[in-house]
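# Commentary on secondary and tertiary structure
Spelled out, the chains give:
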Amino acid sequence: METKEIESRVLPQLNGTTKDLVNNGIWFLYTLSDSPVKEAVYCLVADKTYLLNSQGNIVSVPVVDIQKINYKERLLFSDLPKPIVQENVAVKWA
């Protein structure tokens, strides 16, 4: 699955805390390729799974089988901070 970056203004109804949780990988935001609910464009996976419209408003907490939701791409916010990922770090004392 691809990861795509969008500006935070694209989803004005999501609050800043939600956007920060998405960018830090605690919650996940996806675009939907085939939505079980007509007006749902995005899916927010947090304590529950929420279907969101194009503005970021909750359309539905799915009662449909979550396994049947088709995610198109994972979203992050390009204009908000993301955690620094350190790769290839060697511990010199070990």
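See the structure printed just above.
Right, let's walk through the structure included here.

Scanning the protein from N- to C-terminus turns up 1 helix and 6 strands. Overall, the protein shows an N-to-C arrangement of helices and strands of β-α-β-β-β-β-β. Evaluated residue by residue, the protein yields a buried proportion of 32% over its 94 residues. Here the contacts in the protein between residues at least 6 apart in sequence split such that 54% fall between residues at least 24 apart. Entry remark: accessible area of the protein is about 6,400 Å², with carbon and sulfur atoms responsible for 49%.

Moving on to the sheet that holds strand E4 (residues 49-52). Here 6 strands make up an open sheet; going across it, the order is E1-E6-E2-E3-E4-E5 and the pairing mixed. Taken across any chain shown, the strands that pair with only one partner, and hence form the sheet edges, are strand E1 (2-6) and strand E5 (58-60). Shown here is a sheet whose adjacent strand axes are inclined to one another by a mean of 40 degrees, direction ignored. One ladder, built from 2 bridges, connects E4 with E5; its direction is antiparallel. Its bridge partner being in E5, Leu 52 is matched across the sheet by Ile 58. The sheet contacts of helix H1 (residues 16-23) involve strand E2 (28-34), strand E3 (42-45) and strand E6 (70-77), and relative to E6 the element is tilted by about 105 degrees.

Attention shifts here to the nonpolar core. Counting residues in each nonpolar core, the largest one holds 12 residues, listed as Ile 6, Leu 11, Leu 14, Val 22, Leu 29, Tyr 42, Leu 44, Tyr 50, Leu 52, Leu 75, Leu 76 and Phe 77. Here the element with the most residues in this core is E6; it accounts for 3 residues. Contact partners of Leu 29, with chain neighbours within four places excluded, come to Leu 11, Leu 14, Val 22, Tyr 42, Cys 43, Leu 44, Leu 52, Glu 73, Arg 74, Leu 75 and Phe 77. Grouped together as the second largest cluster of nonpolar side chains are 6 residues, Leu 32, Val 37, Cys 43 and Ile 69 included.

About the thresholds
Residues numbered from 1 in each chain as written. Predicted model: local features only at pLDDT ≥ 70, side-chain atom pairs only at ≥ 80, totals over all residues. Heavy atoms only, no water. Helix = DSSP H or I, 4+ residues; strand = E, 2+ residues; numbered from the N terminus. Buried < 20%, exposed > 50% of the residue type's maximum accessible area, 1.4 Å probe, protein only. Contact = heavy atoms within 4.5 Å. Areas by Shrake-Rupley, 256 points an atom, 1.4 Å probe, with all protein chains shown as cover. Pairing = 2+ DSSP bridges. Axes fitted to C-alpha atoms, helices over the stretch in contact; angles between N-to-C directions. Core = buried A, V, L, I, M, F, W, Y, C linked by side-chain atoms within 4.5 Å.

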